[in-house]
Amino acid sequence: MATAVSTPNIAFIKYWGNRHSDWRLPAADSLSMTLDYPTVEVSIEPADVFSVHSEKELSTNEIGRFKKHLELTKKYLAQKGYKLKAKSYKLTIHSHIPPAIGLASSAAVFSAVAKAYAALIEEQDIRLTDEQISILARLGSGSAARSIMGGFVALQTTNYSLQTDDIDSAIAIQIAPASHWPLYDIVVCPSLKEKEHGSTEGHHLAHTSPHYAERLRQMPRRQQECIDAILQRDFEKLQRVAEEDALDLHKVAETSTPSLKYLTEDTHRITREIIKLRKREHLAALYTMDAGPTVHLICTEDAVKTVKEFAHAQKDCTVFETKVGSGATILTDRHRDPPQQEVSL
Ligand code: PMV
């Protein structure tokens, strides 16, 4: 059995739309910060029949997604000449993340699943690289690829010149480790109600928006500006490009057919107020929203106290205080139950 722990990530440059939906090959590159909290723990053990167990009751569709992910994982491993030992597996998921509210719960889950399969492969003395494990994660959820690594992580198309649609043509790459820039993400959730349209549906519909082609044209510039902002620790530059990209994603989602409206009046009120507050107090704080009404307030160490106060003052909202984290890890028995230290004098 292998157990892995992982966390969500928050995208500054967001993945929206695929160029190959079965492999979840993104139509453009994206970039995120891995968070340190809340966590998901996934254990995988050999079994005769495939099954998934979790506190939350899973629909047939959700179980089907994990099953398909295992099939794709086997397919990718076979291409490398590797094979999981068992015919099937039992997955057990313990999640501390409210699902489907724009807090990247699927990113945390599939990065943990991928890391656990990689640990099972490692029992055969085959060590997959983090980039290869990010491919396994991407086959379950595109953004999950980025949670394999800590710090600031890009999901990049490989072989740009060829633009191939191979299963391994997009991998996660760490731009900078967590220690590079201690940013916080104070997450304000106006509602814990699960959204009606998942991001998988959003990816399918992206091309129906009249704004999508322009979004794809702008993506390489935004990705580069974001990488530069992170490497230079330039918060103003990061704020400009991350807010531009978040608003653009929601413009595409809202103008697709059918229209996907993830943002609510509460979302707009919170973003309006944070803009006022940061002007008044010269705060290094930016807002961004994934596919849900949840507002992520990214800020520096200097701003975090004020941003936390602001977040907790939002009526009827649930707040998660997170910061940049170190990515998916394998939970060994040593981590679960630390042995008593024997001290010999
Ligand atoms: O990985 P998915 O299929 O859940 O898509 C993630 C989509 C966004 O969260 C909106 C953007 C992103 O890059 O994380």
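What you see is a predicted model; the values in this text were computed from it and never measured.

(A) Spotlight on the site of the ligand. Neighbouring residues of the ligand: 13 residues in total, closest Tyr-15, Ser-141, Ser-143, Arg-146 and Ser-199. Here an oxygen atom of the ligand and a side-chain polar atom of Ser-141 are 2.9 Å apart. At 3.4 Å, a side-chain N or O of Asp-290 approaches an oxygen atom of the ligand. Residue composition of the shell around the ligand, by class: 4 nonpolar, 6 polar and 3 charged.

(B) Expanded view of the pattern of salt bridges. By the definition in use, this model includes 20 salt bridges. As a salt-bridge pair, Arg-221 and Glu-244 come within 2.6 Å of each other at their nearest N and O atoms. Of this pair, Arg-221 sits in helix 5 (residues 212-231) while Glu-244 sits in helix 6 (residues 235-254), and the two are 23 residues apart along the sequence. Looking at Arg-221, the relative accessible area reads 33%, which means it is partly exposed. With a relative accessible area of 30%, Glu-244 lands in the partly exposed category.

(C) Layout of the side chain of Arg-24. Mapping Arg-24 onto the fold places it in the loop between strand 3 (18-20) and strand 4 (25-26). Buried and unpaired, Arg-24 has Asp-22 as its nearest opposite-charge partner, separated by 8.0 Å. What Arg-24 contacts, discounting residues up to four positions off in sequence, is Tyr-15, Asn-18, Arg-65, Arg-138, Leu-139, Gly-140, Ser-141, Gly-142 and Thr-200.

(D) Here's a closer look at the packing of aromatic side chains. Applying the stated rule across the entire model yields 6 aromatic pairs. Both rings, one in Phe-66 and one in Phe-110, keep their centres 4.8 Å apart while their planes meet at 20°; by these two values the pair is stacked. One end of the pair, Phe-66, is in helix 1 (residues 60-80); the other, Phe-110, is in helix 2 (residues 105-122), with 44 residues separating them in the sequence. Comparing Phe-66 with Phe-110 shows no difference in burial state: the two are buried. Both rings, one in Phe-152 and one in Trp-181, keep their centres 6.4 Å apart while their planes meet at 40°; by these two values the pair is tilted. Here Phe-152 is found in strand 9 (residues 152-157), whereas its partner Trp-181 is found in the loop between strand 10 (170-176) and strand 11 (184-189), with 29 residues between them in sequence. For Trp-181, a relative accessible area of 7% translates into the label buried. Connected via pairs of aromatic rings, a cluster forms that spans Phe-152, Trp-181 and Phe-235.

Cut-offs and rules
Residues numbered from 1 in each chain as written. Predicted model: local features only at pLDDT ≥ 70, side-chain atom pairs only at ≥ 80, totals over all residues. Heavy atoms only, no water. Near = heavy atom within 4 Å. Polar contact = N/O pair within 3.5 Å; in protein donor to acceptor, adjacent residues only side chain to side chain. Nonpolar A, V, L, I, M, F, W, Y, C, P; charged D, E, K, R; others polar. Salt bridge = Lys/Arg side-chain N within 4 Å of Asp/Glu carboxyl O. Helix = DSSP H or I, 4+ residues; strand = E, 2+ residues; numbered from the N terminus. Buried < 20%, exposed > 50% of the residue type's maximum accessible area, 1.4 Å probe, protein only. Lys, Arg positive; Asp, Glu negative; His and termini not counted. Contact = heavy atoms within 4.5 Å. Phe/Tyr/Trp six-rings, centres within 6.5 Å; stacked < 30°, edge-to-face > 60°.

Function cannot be read off these values alone, since they describe shape.
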